[in-house]
Amino acid sequence: NRLNVLWKDNDFVIIDWENATFSNPSIDFFSTAWFLTDDVKEDKYKVFAREYFKTFKFKDSVQTAVYAGMIDEVIWLEFNLKRSLSMISKDKQEIELGKTQIITPMTEIINYYSKIDKMIEILKNNSCFSHN
């Protein structure tokens, strides 16, 4: 998540590793590209894609991977819904925190979904991308 990359001048540190896992590289491409290119700013997205495809290729359907790229936000939404409904904890502060945290992943999911066509179009027009 771009919020977990702290920048100072030209240096950065990645924080909040507690949810880091090995994942599907095709799905990670879309999730990471979306976060690191300021919500799909075309120039940044093209650079990210070009550099990514110098080393990696998709092994999965682009259609499946692009939709699955929002899975982290869906998981965060589920977690906060469960918190707000006291399914995780009966602590009042935890329940209230869950309630306040629901809107952010919902907004991110809607934002991501609205940019899916743009992400695919940029890749189709990017000569370094091999389609499957």
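The structure this text deals with has already been given above.
Residues numbered from 1 in each chain as written. Predicted model: local features only at pLDDT ≥ 70, side-chain atom pairs only at ≥ 80, totals over all residues. Heavy atoms only, no water.

A.B. asks: Explain the side chain of Ser-26 to me, and be specific about the residues and the numbers.
C.D. replies: Along the chain, Ser-26 falls in helix 1 (residues 25-36). Taking relative accessible area as the criterion, Ser-26 reaches 2% and is therefore assigned buried. Of note is the side chain of Ser-26, whose polar atom sits 3.1 Å from the side chain of Asp-60. Setting aside residues no more than four positions away along its own chain, Ser-26 makes contact with Tyr-52, Phe-58, Lys-59, Asp-60 and Ala-65. (Helix = DSSP H or I, 4+ residues; strand = E, 2+ residues; numbered from the N terminus. Buried < 20%, exposed > 50% of the residue type's maximum accessible area, 1.4 Å probe, protein only. Polar contact = N/O pair within 3.5 Å; in protein donor to acceptor, adjacent residues only side chain to side chain. Contact = heavy atoms within 4.5 Å.)

A.B. asks: Mind laying out the pattern of salt bridges, listing which residues take part and the relevant values?
C.D. replies: Per the counting criterion, the structure on display carries six salt bridges. In this structure, the salt-bridge partner of Glu-42 is Lys-46, at a minimum N-O distance of 3.4 Å. In this pair, Glu-42 and Lys-46 are both assigned in helix 2 (residues 42-55), four residues apart and thus about one turn of the helix distant. Assessed through its relative accessible area of 39%, Lys-46 is described here as partly exposed. One salt bridge connects Glu-51 with Arg-50, and the closest N-O pair in it is separated by 3.4 Å. Three or more residues are tied together by salt bridges with common partners; here these are Arg-50, Glu-51 and Lys-54. (Salt bridge = Lys/Arg side-chain N within 4 Å of Asp/Glu carboxyl O.)

A.B. asks: So what about unusual backbone geometry? Which residues, and what values?
C.D. replies: What you tend to see is this: most non-glycine residues have negative phi, and most peptide bonds are trans. Although it is not a glycine, Val-40 sits at a positive phi angle of roughly 70°. For Val-40, the position within the fold is in the loop between helix 1 and helix 2. Val-40 gets classed as buried once you look at its relative accessible area, which sits at 0%. Positioned with a positive phi, Ser-86 is a non-glycine residue whose angle comes to about 60°. Counting through the fold element by element, Ser-86 comes out in the loop between helix 4 (71-84) and helix 5 (92-100).

A.B. asks: How would you explain the environment of Gln-93 if you had to name every residue and give the values?
C.D. replies: Relative to the helices and strands, Gln-93 resides in helix 5. Linking Gln-93 and Glu-73, residues 20 residues apart in sequence, is a C-alpha distance of 22 Å.

A.B. asks: Tell me about the packing of aromatic side chains, residues and numbers included.
C.D. replies: In the structure shown here, the tally under the stated rule is 16 aromatic pairs. Note on Tyr-52 and Phe-56: the rings are 5.1 Å apart at their centroids and 35° apart in plane angle, and the pair reads as tilted. Its relative accessible area of 44% is what places Phe-56 among the partly exposed residues. In textbook terms, an aromatic cluster arises when at least three aromatic residues are bridged by ring pairs, as seen for Phe-29, Phe-30, Tyr-45, Phe-48, Tyr-52, Phe-53, Phe-56 and Phe-58. (Phe/Tyr/Trp six-rings, centres within 6.5 Å; stacked < 30°, edge-to-face > 60°.)

A.B. asks: Describe the side chain of Lys-115, naming the residues involved and giving the relevant values.
C.D. replies: Along the chain, the position of Lys-115 falls in the loop between helix 6 (103-114) and helix 7 (116-124). Nearest to the buried, unbridged Lys-115 among oppositely charged side chains is Asp-39, at 4.4 Å. Discounting chain neighbours no more than four positions away, the residues touching Lys-115 are Asp-39 and Val-40. (Lys, Arg positive; Asp, Glu negative; His and termini not counted.)

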